[in-house]
Structures are given as structure tokens and as C-alpha cells.
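Spelled out, the chains give:
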Amino acid sequence: MTTTESRIEQDLIARLEALKYAYRSDIRDRSSLEANFREKFQELNRVRLSNSEFERLKDDLVTADVFAASRRLREINSFERDDGTPLFYTLVNIKDWCKNTYEVVNQLRINTDNSHHRYDVVLLINGVPVVQVELKTLGVNPRRAMQQVVEYKNDPGNGYTRTLMCFMQLFIVSNQNETWYFANNNARHFSFDADEHFLPIYQFADESNEKINHLAPFAEKFLAKCTLGQMVSRYMVLVASEQKLMIMRPYQIYAVRAIVDCIHQNRGNGYIWHTTGSGKTLTSFKTSTLLKDNPDIEKCLFVVDRKDLDRQTREEFNKFQANCVEENTHTETLVRRLLSTDYADKVIVTTIQKLGIALDGTHKRKYKERLEPLRHKRVVFIFDECHRSQFGDNHKAIKDFFPNAQLFGFTGTPIFGDNASKVKIEGEQATDVTTEDVFQKQLHAYTITHAIEDQNVLQFHVDYFKADGKDKDKATGAVKQQAVVDAILDKHDTATAGRKFNAILACASINHAIAYHALFKETQARRLAENPEFRPLNIACVFSPPAEGNRDVLQIQEDLEQERADNQVEPDKKKAALKAIMADYNERYGTNHSIGEFDLYYQDVQKRIKDQQYPKQDLPHAEKVDLVLVVDMLLTGFDSKYLNTLYVDKNLKYHGLIQAFSRTNRILNDSKPYGNVLDFRSQKDAVDEAIKLFSGEQGERAREIWLVDAAPQVIKQFDEAVTQLDQFMASQGLANTPDQVDNLKGDEARAAFIKLFKDVQRLKTKLDQYTDLTEEDHASIAAVMPEDQLKAFRGAYLETARQLKQQQDSGAPDENSLVQQLDFEFVLFASAVIDYDYIMALITNYQGAPEQQKMSRDELIGLIAADAKFIDDLDDFKAYIYTLQAGQGWSEERIRDGYLAFKAEQKTRQLRAIANSYGLEEEALQAFVDHTLARMIFDGEQLGDLLAPLGLGWKDRSKKELALMADLLPLLHKFAQGREISGLQAYE
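Note that the structure is a prediction, hence the values are computed from the model and not measured.

Calculation rules
Residues numbered from 1 in each chain as written. Predicted model: local features only at pLDDT ≥ 70, side-chain atom pairs only at ≥ 80, totals over all residues. Heavy atoms only, no water. Core = buried A, V, L, I, M, F, W, Y, C linked by side-chain atoms within 4.5 Å. Buried < 20%, exposed > 50% of the residue type's maximum accessible area, 1.4 Å probe, protein only. Contact = heavy atoms within 4.5 Å. Salt bridge = Lys/Arg side-chain N within 4 Å of Asp/Glu carboxyl O. Helix = DSSP H or I, 4+ residues; strand = E, 2+ residues; numbered from the N terminus. Pairing = 2+ DSSP bridges. Axes fitted to C-alpha atoms, helices over the stretch in contact; angles between N-to-C directions. Arc of directions from axis to C-beta. Parallel < 35°, antiparallel > 145°, perpendicular 65-115°, else oblique. Left-handed = near helix turned anticlockwise from the far one by under 90°. Phe/Tyr/Trp six-rings, centres within 6.5 Å; stacked < 30°, edge-to-face > 60°. Expected span 1.5 Å × (residues − 1). pLDDT = per-residue confidence, 0-100. Polar contact = N/O pair within 3.5 Å; in protein donor to acceptor, adjacent residues only side chain to side chain. Nonpolar A, V, L, I, M, F, W, Y, C, P; charged D, E, K, R; others polar.

(A) Examining the nonpolar core more closely. Among the nonpolar cores identified, the biggest contains 104 residues, and Phe381, Phe520, Leu627, Phe661 and Trp706 are the most heavily contacted of them. Contact partners of phenylalanine 661, with chain neighbours within four places excluded, come to Phe460, Val462, Leu646, Val648, Leu652, Val677 and Val687.

Pasting the structure below:
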């Protein structure tokens, strides 16, 4: 550890001592940690344990299951003593976490059978290790720092699974200037997968969302004893359905605290302005659970606007805590649960519509009269998206009936004076009512500007496209719609990164959507007839049918203003058109949806949009949706990380515009740099007005925060990144060409290349999804670095990264080395278009007739080498292609079968060479490898059985085992194709 790190560590300990933590310099190993825990346990539970009891207690407590350990930390548990009597105990004071003992230890070494880890700083609550602080050097990528923690946890026999370290709740990583924190989890929620889906890493902030990055103020604010106790006990959520731990973000904590304090002090109503995509459901869930334990509150109702939002919210709540919210199928069920004294019925999720019926004094079931016993009780109402239908009669009915109620609203887009006009309530024109008029005061704000700056949501790229060059605001006319269809078909693959993502087209009316559906069908059929290689988009269309008295549809339409109005005119035509659209959908996807069960169709469409996440081998593209035509549906309240593009042929403004745009900007990874919006109505003024209105306090800077740079600026940045790469290569005495990357000397130079070219590729990925590039722009990009050269550089990058990743995985002792700090971000180098099938088709073309050949052998190999998906298969592809002859004319089926046979022979040959080298039976080695891959578990005993026939002494056998595994490891990783083989880490 460097002097600088040592100084940071000592400063942190001193600061924690000032915060009244007890520094325990005597706790440096497993035995002293356990002795301290025993002392604290006995003191808290007022018991003396015998040595045998303590050993059995440890065996009972220590578990590899993070979720199970986390529950036990928060609950009352039982243990059978030596005399057979039960001992009911807690590990900490769960009633008042502030009254626990807080201690800090450093340089703790935990030695288990296979692990010898040292932990920089560990915080103990009542002797239980709950927070680990890992100190890093300046410049370490937080994702890399997190990955190192993941690697520690993956070591077989590590301290996190074999000792009291299993109770770890939070990890904190800091290089003094930058500090991040994240929750511990079991492996399936705590890993880095092929698509680089990272667990969320947070930075702390104050109530005004100012970041607290430096370790010193972070410690003061976050690690103060009572604050840390609250973070662990109140602001972590154990998601039962997924067996996952979640830590709330700072703004979520402040919102919960503001509402709970407002209720505790009975200070009237209030609203929370938290932008779309900021996790409002988790915030409201945590609020409701804290209120559930408040004896002064009779009921807590979470109120949504539509049946589909009711279902989504209920599912989210039940995901956080199993069966915590029942379904209110009918208003009768709602009334029964309101009157119930059962603790399980204290929190209720319902729709504003059902609540309105329950408070309707004229209803024949006399719901309002039956609810009379609740009239003067303290009831809390929390409204999701509070600017909608509760502005009218329903809101007044609630206030009149429940005079002691407190009302709280969540909204991502409040109603201000500027956007308060034309708010319709149940068909009537309302007055200009603002969110503040209804909910009195703003309790906390976290705007989209904050969220973009925090990288919790993405920026927007808006392309203003005038399809026919005129008619700025008119949406009618077949010519314009045809131009829009042509533009979408031309631009869709660019906008969606080769259909890795999908899109929504917002239409002006139901008739507009019907016309578009027909036009897409006709245009795609024509293009396919003209060009057999044209790949049609999978298109769905969803809008609500005429209600015809159907209460479910009426509920759905409460917030679908345009659709409700459209269905008043020629409803039979709308119904017939929707039936035809659904029939087309059924034929495409093999479903059997009917208009009578419209909600099931609507759910199916939503699922297919979200299922875009699955790769081709898990869910074929034919099962997915590329583009969904909508009118009002899906433009609010629908989230999917794999939706990145919105096509707009509908007039939008203010909150409606922001809500619609926000469908596109959920964070995924570096392959999704921003949300794409193609506006066919030239609504730049409306966009500027919406940004100004909803930017919070940063009005002047908001536009540059919300919107990505124009293409010429990004091209300039691309040029600068390439220039930096050029200067670096020159400093190494090399030309800036892909073939010279192999000549870089030393880890420092190769690591520098990785960082520099990653910046080049990140900017190219950003440019690749711009839909408004001109011919001049394309020429400028090619002048900076031609596509062929970029492709070759990608291949050189991946080969260099593969070598350094093997070195990184070998667990080099110096964690501060440049190689250990690298984050390769392979997802930047994986194309959605170039998959296994695509490669097989290209190989078939290569060895087909001359007119079929699209590229040379070297070009084909270069294409494969430049894609991260094939990093483990490159050698096999290359060798197989060299066995083929151009012009031999094999079918694709024969090419596929030939490649599989070639791979099998390569595997056999490689294993045969290893078997011969170590004097092993070839069949035995093959069986050992096959068994390992079938179970994805490395069995040390089986390895012993494999070597047993050699009759070696333990020293020679140990050497032979290590040498054998050094040769076998690369093959096992290759055969596993990116999947993790449990237990291999001991040899890496």
C-alpha cells in the first residue's frame, strides 16, 4: 500500500474516532474479530455462552447467502442452548440502531482455506462487520473498483462466505477525492455479465442534490453513527422476490424523510418532484412501510390513475415485500380492506377511479355510508403522478370525506402556471389548477437536470425532421405519412444500433395510427419485393378500444385524453380496425388475443418491448417488437431500458412532451449513449419551453445538460481523441496504425492504448446513433479515421484487451498497477447486427460463387476480430476459414455443420496434446472437462482422481496439478463461452 493510501486510511480512522467510533487496533484477524463479536453478543442479549454454544452459534450464523444474513441482521432469531432451552436473540439493537456499539478496524486479514484477503477499513455495529471501505489510488474507475470487490467475493473459501464478513451490507470505495457506495448481494445480483449490466454505484449528496464526493465530508455526513444505522435499518430494502438488497439513493431518502416528518408533525399536505426514471415506486414503498408502523395512522393509500398502473405498482410493491399488497379487483374489495383492522390491510394500492366510486354518496351499494367509521381517522393518501385526474371532483370528495387526511403527491412533471391550462377532468374544462394549489408545498425536488448530471438517466438527441419540407403542424395527408414511414425505415437501424433497441411512434390520433399501420405493412411488402435482403421491422400497434360500458377500458381511458375523444367518433370503425390490427399481431406472434380481453394484449405488447434484452439464442428476433405505434398509451408510466427511440408525429408540449421523451432515456450501458427523438413536426420551440419549465433551478444551463452536442461538436471530439491516440503512438516511436499496436512495449504502454482507443470507440458509438448526419458529416468522420482502419483498430484493441484481461484475472499482487485498474468495457465493441448467424452467412458467401462474395478472407477475419462477442472464438473462426476455398460453393447448412465438427476436432486435438504432455489418459481428461462444463462447477476431488494413476508424491503432484491447470484454464474458459465456472478462481 502506498504512503498516500496509508495517509488517507489514517485520516479516515481519525475522523471516525471524532465521530465517536471506537478504534480497535487489536482486531486484525479472524479470531480477534470473533472474540469481539462474542463479547458484544453476550452483552446485548444478557447471556454467557459456553465455548461449544458459541461455536454452534457461529456455524448457525455464517452463511454464503447474503440475503439470508441480511434478514437475520434485522430480525429476532432463536438458538438452542446446550441444555435444550431456546435463546431468542438479536445481533444488534434493532429497535434503536443508534444505541449500538460502533467500532472501526483496519488492515483486517481473514485467512480461510483458500483465501488470504486484507480489508482496508471495516466498520462494526455491535461487533458485526457491516461496512467495508476500500481505498484506491486516484483515477481508478469506480466500476473497476467494484469489479475488484466482486472478484474478492468470487474467490473460493473467501471471508465473505466463511466468516462473520457474511453480514457485510455496504461497500464504500474512495480515492479520497471521489467516493462511491453500493450494496452487497448474492452472486446473481453482484456480477459483471457479458452485456456489462452493472449494479448501481451511488455518490452521496445533500438535500439540494449537491454531491458530497470527498471522503472527509462523506464520512461526516454518511458515516455518522446514527446516520449509518438509519442507512442500514431504514433505507436499505430487501427485495424478497429477487432475494436482493437495494440501498436507496440520497434524494429518495430525503423525500421519504420529508413525508414522514410532515406526517409526524401533522403539517398538512405536500408533493415530491422526482423526475421520471428516478425510482418513485421504491420511494413511495419505503414511505408506506414506515407509515405502516406508525400507530397514529389508520390507513395509507397509494393511489394511481389507471388499471395498468395499478397492476404495475402492486407488482412492484409485492416485489419489494412479498404479498404486502392485495389486488382490489372491485370497489367492494377496496371498501372491505379500508374497513379491515388487519395489519396486512394497512397499506392499500388502488386507482383514483375506484376511490371515486367508493366516495360516491349516490351509489346503490352505499359504500360512502359504510366508510363512515373512517371519516375522522388519520388517513394518508400518496398519489402517483399527482398532476392528473385528482385535480377535480375526486380530490374534493377525498378532502370533504376525510377532514383529517394528509395528501402527498409524486410527480416527475409538476403543473405550474405555464402548463396549467386545458386540464380536463372527466370531460369538463377545468380551471388553471397547479400542483401547488392541490398539494400546498414542495417537500423535495430532484429534477431531470439533476438525474442527467448524476447519470441516473440519459441525455436526449433530438432530430427535427421535416418529412415533406413543409406543413409544419399538419399531420394529415398520405404524402407526409409516406415520407415519415420511409424516413423511419431508412433511419431505424441507425437510431437503434442495428435493432439492439426498439422504438415508439407517437401518432396524433387513432385514425392516424390505423393509417400508419396499413402504410408500414404496404411499404415493407413493397421494399421486400424490390430487395430480398430487406429486413422488415416487427411492428405492433396499440390504442384503447371503444369502451362500450367496459369498466376496465373506461379506467384505462381516464388518462388517455386523445383516445377517449377519438372513440366517441365512429366507434365501430375504430373497433373493426383494432380487431384487424390484433389479428395481424396474432398471426405474427402466434398469439390468440381478442378485443374483449384487450388488457392481455396490451400487457403482451409491453412484455415484447421489454424482452428486447434477451439475445438471439434466448429469444429470436421474430418474437420481439421493433416499433410500436401508439396514440396516448405507453407515453407515460412505461419503462424499458431497451427502448431508446421515439418517433414523434404528434403535437406535444410541456409535461406531455417530457413524459413522452422520457420513455427513451433509461440507463443501460455504454452501448446506449442517449435517448433518440426524431420529431416530424419541427417542435423545437416546444422542446425549449419544456426544458426551461422543468429544469428546476438550472434554467440557463439546462439545455446543454439535457441535450447531446450537435454532430459537428462530437466529430471534433472524435478528431481530438484520434489525435491523442496518434500522439501517444508517436511517443512510442510507432505509426498510428493497427498493425503497430502489437509492438507496444510494457504494460504501461498497452494500458494507455486501451484507455485512449476506448475513448475513440465511445465517441464513434455515439456518432453511429446520430440520425441527422449529413454527407459532409460522414465525410468528416471518414477523414478522421476510415471505417476499415477503425475496424482493424478494434481487432487490435480486443486482442490487447484479451491479453491484459488474462493478466488481470491472474490476480497480480499489485492492485494499484495500471493493468489492475483497467475497465475494458467490452460492450462498446459488440455489434447487435453481427451475430453468429450473420457470420455464418458471410462465410457461406465468401466460399460461394464469385458474384456472392462480399469480402475477402482477410476482411472477413478482420470483421470477426473487431467484435467483442467473438473474442473467445476468434482463433477457431480464423483457422476454419483458412480451411475453406473461395468458390467451392457449399450450402450454409454444410458450412455450419463443418464449423461445429471443426471446433469439436480442435477441442479433441487440444485436450489430446495436454493429456500427452502430462501422461494422462485422453478419455479421462475429456470426461473430466465434459463433467466440469456440464455442471459449470470445478471439482477438486475429480482433479485428484485424474492425477491418481500417475502415483506421484504430494510435492510432485502439487507441481503437476498447478502446471496442468495453467494449461487447462484458457481452454475451460473458452469452452464455457463467457459463463462462469464456480471454483476455478483458486487456480487463477
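(B) Representation of the pattern of salt bridges within the structure. Inspection of every chain in the model, using the stated rule, returns 45 salt bridges. For arginine 499, the salt bridge is made with aspartate 493, and the minimal N-O distance between the two is 2.7 Å. Arginine 499 sits in the buried class, given a relative accessible area of 9%. Looking at aspartate 493, the relative accessible area reads 31%, which means it is partly exposed. Where arginine 762 meets aspartate 759, a salt bridge forms, and the shortest distance between an N and an O atom there is 3.1 Å. In this pair, arginine 762 and aspartate 759 both sit in helix α28 (residues 746-768), three residues apart, roughly one turn of the helix. Salt bridges linked by common partners bring Arg24, Asp26, Glu39, Lys40 and Glu103 together as one network.

(C) Fine view of the sheet that holds strand β20 (residues 502-507). Spatially, the six strands line up as an open sheet ordered β19-β24-β23-β20-β22-β21, and their pairing is parallel. Across the chains shown, the open sheet's two edge strands, defined by having one partner strand only, are β19 (460-464) and β21 (539-542). If you compare each strand with its neighbour and ignore which way they point, the axes differ by 20° on average. Pairing of strand β23 (residues 643-649) with strand β24 (residues 675-679), which is carried by four bridges, proceeds in the parallel orientation. Of the residues in β24, the one forming a bridge with valine 648 is aspartate 679.

(D) Looking closely at helix α37 (residues 940-947). Among the residues making up α37, those that are buried are Leu943, Gly944, Leu946 and Leu947. Mapping the buried residues of α37 onto a view down its axis gives an arc of 155°, with all of them on the same face. Exposed residues on α37 whose side chains face more than 90 degrees from its buried face are Glu941 and Asp945. Check the buried side of α37 and you find it contacts α36 (922-935) and α38 (954-976).

(E) Up close: the packing of α36 against α38. Running from N to C, α36 and α38 cross one another at 45°; their axes reach a closest spacing of 11 Å. Comparing the axis directions of α36 and α38 gives the class oblique. Pair α36 / α38 crosses with right-handed handedness. Taking contact as the criterion, the partners of Leu925, Phe928, Val929, Thr932 and Leu933 in α36 are, on α38, Leu968, Leu972, Phe975 and Ala976.

(F) Looking closely at the sheet that holds strand β15 (residues 406-411). Strands sit in the order β13-β12-β14-β15-β11-β18 across an open sheet of six strands; the sheet is parallel. In the strand order of this sheet, the two ends are held by β13 (347-351) and β18 (442-446), each with one partner. In this sheet, adjacent strand axes meet at a mean angle of 15° when their direction is disregarded. Relative to β13, strand β12 (residues 299-304) runs parallel, the two being bridged by five bridges.

(G) Quick peek at the packing of aromatic side chains. Scanning the entire structure with this criterion turns up 39 aromatic pairs. The interplanar angle of 65° and the centroid separation of 6.4 Å between the aromatic rings of tyrosine 181 and phenylalanine 204 together place this pair among those described as edge-to-face. Taken together, the positions of tyrosine 181 in strand β8 (residues 179-183) and phenylalanine 204 in the loop between β8 and α7 (215-222) put the pair 23 residues apart, joining distant regions of the chain. For the residue pair tyrosine 181 and phenylalanine 204, the accessibility class agrees, reading buried in each case. Aromatic pair phenylalanine 877 and tyrosine 899: ring centres 4.7 Å apart, planes at 5°, arrangement stacked. With phenylalanine 877 in helix α34 (residues 874-883) and tyrosine 899 in helix α35 (residues 892-918), this residue pair connects regions lying 22 residues apart in the sequence. Look at tyrosine 899 and you get buried, because its relative accessible area is 1%. Each member of the aromatic cluster is reached from another via a ring pair, and the members are Tyr181, Tyr202, Phe204, Phe218 and Phe222.

(H) Helix α10 (residues 280-292), seen in detail. The end-to-end C-alpha distance of α10, which contains 13 residues, comes to 18 Å, matching closely the 18 Å that a straight helix rising 1.5 Å per residue would cover. Buried residues dominate α10, accounting for 12 of its 13 residues. Of all the residues in α10, the buried ones are Lys280, Leu282, Thr283, Ser284, Phe285, Lys286, Thr287, Ser288, Thr289, Leu290, Leu291 and Lys292.

(I) Inspection of unusual backbone geometry at higher detail. The backbone phi angle of glutamine 176 is positive, close to 80°, even though this residue is not glycine. With respect to the secondary-structure elements, glutamine 176 resides in the loop between β7 (170-174) and β8. For lysine 366, which is not glycine, the phi dihedral falls at a positive 55°. Within the fold, lysine 366 resides in the loop between α13 (352-358) and α14 (367-370). The partly exposed category is assigned to lysine 366, whose relative accessible area is 49%.

(J) Fine view of the confidence of the model for the protein chain. A residue-level look at the protein chain finds 86% of positions with pLDDT of 70 or above and a mean pLDDT of 84. Within the protein chain, no element has a lower average pLDDT than strand β16 (residues 424-425), which sits at 40, and none a higher one than strand β22 (residues 627-630), at 98. For the stretch residues 422-430, pLDDT sits under 50, and the model shows 16 contacts to residues farther than four places along the chain or on other chains. Taken together, the stretch residues 468-475 has pLDDT below 50 and engages in 12 contacts with residues farther than four places along the chain or on a different chain.

(K) Region of the structure containing the side chain of threonine 413. Its location among the elements puts threonine 413 in the loop between β15 and β16. Separated by 3.3 Å, the side chains of threonine 413 and glutamine 659 make a polar contact.

(L) Here's a closer look at the pairing of β18. Counted residue by residue, β18 has four buried out of five residues, so it is predominantly covered. Where strand β11 (residues 270-274) meets β18, four bridges bridge the pair, whose relative direction is parallel. Counted as the bridge partner of histidine 274 is tyrosine 446 from β18.

(M) Main features of the environment of alanine 497. Looking at the secondary structure, you find alanine 497 in the loop between α18 (478-495) and β20. Between the C-alpha atom of alanine 497 and that of glutamine 769, which follows or precedes it by 272 residues, the distance is 6.2 Å.

(N) Fine view of the packing of helix α27 (residues 711-731) against helix α29 (residues 775-784). Close contact between α27 and α29 brings their axes to 10 Å; oriented N to C, the two are set at 5°. Classified by the interaxial angle, the pair formed by α27 and α29 is roughly parallel. Contacts from Ala711, Pro712, Ile715, Phe718, Asp719 and Val722 of α27 reach α29 at Asp777, Ser780, Ile781 and Val784. The residue makeup of the contact of α27 with α29, split by class, is seven nonpolar, one polar and two charged.

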